[in-house]
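Here is how the chains run, residue by residue.
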Amino acid sequence: MLESLRMSIGVLWGARRLGKSPEGLVTFTNALTEARHVLLIMPLDRREMLSTMTVIELLKKRFEGENIHVIADEHGLETMRLLPRSRFTRILESDVNAFFLPRKPFMEQLKRKPCDIAIDLNLDLVLPSAYICRESKARIRVGFARKSADTFYNLQIQPDPALSRKLIYDRLAKCLQMF
C-alpha cells in the first residue's frame, strides 16, 4: 500500500514538473525514417527481455549502432551483446528517488545526448522509465497505453492482454515500421 501511495505521488509530482513544457503539434509521418537518434528504454521485467527481439532488430536495421542509446537496469544490460556499438546507460536504484522519479544528476547526464525518438518497452507503467521518456525531449515518445500514459507518451500502443509478450512487441515493431 505504501508503495502504491508513493507511486501515485510520483505520478502527480512528475506530471506537475512535466506540465511546464507545452507540446506542439506532432506529425508522425516519416518519424522513424527521418530520425537519427533513438533512446530505447529496456523493460525492467526480465521475462520481457527476450520478447523485445523484434523491436531491437528493427532498430538495428534502421539506426547505426552509435545512434542507439539504451537505458537499462542490470537485467537489460544483456542487450549489450545484441547492440554492441550502441551507448548504454545503467539506471541504478540510487538514481531514483522515493517517489520513483529519476534524480537530477541522472537526468542531466541523459539530456546531454540527442534523441529524436524515445521508446519505452515496459508493458506496465514503470514511472522512472516513463519520466525518462518524456524528459528526453524526443519529438516522438512511444509507450504502451495505460493509466497516466498521456502524461508521458505521444504515441501509445494498446497491448492486447490476450496476446503473449512476444506478440505484443511484434505488433509494436509493425506499428513503428509504418512511420
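Structure: see above.
What counts and how
- Residues numbered from 1 in each chain as written.
- Predicted model: local features only at pLDDT ≥ 70, side-chain atom pairs only at ≥ 80, totals over all residues.
- Heavy atoms only, no water.
- Helix = DSSP H or I, 4+ residues; strand = E, 2+ residues; numbered from the N terminus.
- Buried < 20%, exposed > 50% of the residue type's maximum accessible area, 1.4 Å probe, protein only.
- Contact = heavy atoms within 4.5 Å.
- Phe/Tyr/Trp six-rings, centres within 6.5 Å; stacked < 30°, edge-to-face > 60°.
- Lys NZ or Arg CZ within 6 Å of the ring centre and 35° of its normal.
- Pairing = 2+ DSSP bridges.
- Right-handed = clockwise from strand over helix to strand, strands pointing away.
- Axes fitted to C-alpha atoms, helices over the stretch in contact; angles between N-to-C directions.
- Polar contact = N/O pair within 3.5 Å; in protein donor to acceptor, adjacent residues only side chain to side chain.

Quick notes on the environment of I68
In this structure, I68 sits in strand β2 (residues 68-72). With a relative accessible area of 1%, I68 lands in the buried category. For the pair I68 and V38, spaced 30 residues apart in sequence, the C-alpha separation works out to 5.1 Å. Not counting residues within four places of it along the chain, the set of residues in contact with I68 comprises V38, L59, K60, F63, L83, S86 and R87.

Focus: the packing of aromatic side chains
Throughout the structure, instances matching the rule amount to two aromatic pairs. Geometry around F63 places R62 over its ring, the cationic atom sitting 4.8 Å from the centre.

A word on the pairing of β2
Regular strands have side chains that alternate between both faces of the sheet. Taking burial as the measure, the five residues of β2 include five buried ones, the bulk of the element. The side-chain alternation of β2 yields two buried faces, one formed by I68, V70 and A72 and the other by H69 and I71. Sheet analysis places strand β1 (residues 38-41) next to β2, joined by four bridges and oriented parallel. Bridging from a neighbouring strand, L39 pairs with H69 of β2. Between the parallel pair β1 and β2, the chain is carried across by helix α3 (residues 53-62), and the sense of this crossover is right-handed. Summarising the sheet, β2 and strand β3 (residues 87-90) pair through four bridges and their orientation is parallel. Counterpart to A72 in the pairing with β3 is R90.

Some words on the sheet that holds β3
The six strands lie next to each other as β3-β2-β1-β4-β5-β6, forming an open sheet whose pairing is parallel. Across the chains shown, the open sheet's two edge strands, defined by having one partner strand only, are β3 and β6 (155-157). On average, each strand axis in the sheet is tilted by 15° relative to the strand beside it, whichever way the strands run. Its contacts with the sheet place α3 against β1, β2 and β4 (117-120), and it is angled at close to 165° to β1.

Re the side chain of R146
Note on placement: R146 falls in the loop between β5 (140-144) and β6. You can call R146 buried: its relative accessible area is 17%. A polar contact of 3.1 Å, which involves the side chain of R146, links it to the backbone oxygen of L123. Here the side chain of R146 touches Y153 through a polar contact of 2.8 Å, side chain to side chain.

Here we look at the environment of L44
Structurally, the position occupied by L44 is in the loop between β1 and α3. For L44 and E74, which are 30 residues apart along the polypeptide, the C-alpha to C-alpha distance reads 8.9 Å. Excluding residues that lie within four positions of it along the chain, L44 makes contacts with D73, H75, N122 and V126.

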